[in-house]
Amino acid sequence: MTDGAVQHRIFYDVYSAVTRERGALLYLIGRAIQARRVVEFGSSFGISTIYLATAVLDNWGYDSDPTAQVIGSEMEPHKQAEATKNLQAAGLSGIARIRPGDALETLVTVEAPVDLVFLDGRKDLYLPVLKILKPKLRIGAVILSDNIFTFKKEVSPFLDYVQSGENGFTSSSLGISDGVEFSIFQKSDE
């Protein structure tokens, strides 16, 4: 069994939710940048999705902009089902959806422009997911990446990429909870 498969099985039924502090950060950044299209990798039970969707809703309302949306992803079917129920209970199912399955497949069809990305799935997939989404990022898009202090080995290639100054990002590690990488997309490769 690969390290990724082991990590996947460990978190199969773990109720992992963002802390109130991180949830507030997601909401505030979403509001500050007037996020319209948000992508979340690793929605789990949808708690972080609720913070993100509330920011998009408060920015744009329900029917004022059909592109205002949160697109989540979740590998575990039972977590995706629970996240969908949680979004319905919060009254946010009209603005947020959780795509079931492998994010390396389900996020390929996300439309541009993406304003905000929250990475909180398998840590070794942060970089591949970012590379899928990079062509869809608007200049000034924010990428928030969770758990960077806890999973140093797994996130190392991702951190090297966003912190190098050579790939279009400006980035800094924040000491919030177990670490959040705050990255801003500044230029495309073109």
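This text follows the structure it describes.
The structure contained in this document is the topic of the report that follows. These numbers were taken from a predicted model, which means no experiment stands behind them. (Residues numbered from 1 in each chain as written. Predicted model: local features only at pLDDT ≥ 70, side-chain atom pairs only at ≥ 80, totals over all residues. Heavy atoms only, no water.)

## A word on the sheet that holds strand β7 (residues 180-185)
Two orientations exist for strands paired in a sheet by backbone hydrogen bonds: parallel and antiparallel.
Next up, step 1: The strand order across the open sheet formed by seven strands is β3-β2-β1-β4-β5-β7-β6, and the pairing between neighbours is mixed. In the strand order of this sheet, the two ends are held by β3 (96-100) and β6 (169-174), each with one partner. On average, each strand axis in the sheet is inclined to that of its neighbour by 15°, with strand direction left out of account.
Next up, step 2: Alignment of strand β1 (residues 37-41) against strand β4 (residues 114-119), held across four bridges, turns out to be parallel. Across the sheet, Phe-41 pairs through a bridge with Leu-119, a residue of β4. (Pairing = 2+ DSSP bridges. Helix = DSSP H or I, 4+ residues; strand = E, 2+ residues; numbered from the N terminus. Axes fitted to C-alpha atoms, helices over the stretch in contact; angles between N-to-C directions.)

## Focus on the packing of aromatic side chains
Next up, step 1: Using the criterion set out here, one finds four aromatic pairs in the structure.
Next up, step 2: Judged by centre distance (6.4 Å) and plane angle (80°), the rings of Phe-41 and Tyr-126 are edge-to-face. Of this pair, Phe-41 sits in strand β1 while Tyr-126 sits in helix α6 (residues 126-133), placing them 85 residues apart in sequence.
Next up, step 3: Given a relative accessible area of 6%, Phe-41 falls into the buried group.
Next up, step 4: With a relative accessible area of 0%, Tyr-126 lands in the buried category.
Next up, step 5: Summarising the aromatic geometry, the rings of Phe-169 and Phe-185 are spaced 5.3 Å apart at their centres and angled 55° between planes, so their arrangement reads as tilted. Separated by 16 residues along the polypeptide, Phe-169 in strand β6 and Phe-185 in strand β7 bring together distant segments of the chain.
Next up, step 6: Through pairs of rings, three or more aromatic residues link up here, namely Phe-41, Tyr-126 and Phe-158. (Phe/Tyr/Trp six-rings, centres within 6.5 Å; stacked < 30°, edge-to-face > 60°. Buried < 20%, exposed > 50% of the residue type's maximum accessible area, 1.4 Å probe, protein only.)

## Let's talk about the pattern of salt bridges
Next up, step 1: A complete count under the given rule lists seven salt bridges for this structure.
Next up, step 2: Residue Asp-58 pairs with Arg-31 through a salt bridge whose shortest N-O separation is 3.8 Å. One end of the pair, Asp-58, is in helix α3 (residues 47-60); the other, Arg-31, is in helix α2 (residues 20-32), and 27 residues separate them in sequence.
Next up, step 3: Lys-85 is paired through a salt bridge with Glu-82; the nearest N and O atoms lie 3.3 Å apart. Of this pair, Lys-85 and Glu-82 both sit in helix α4 (residues 77-89), three residues apart, which is roughly one turn of that helix.
Next up, step 4: With a relative accessible area of 48%, Lys-85 lands in the partly exposed category. (Salt bridge = Lys/Arg side-chain N within 4 Å of Asp/Glu carboxyl O.)

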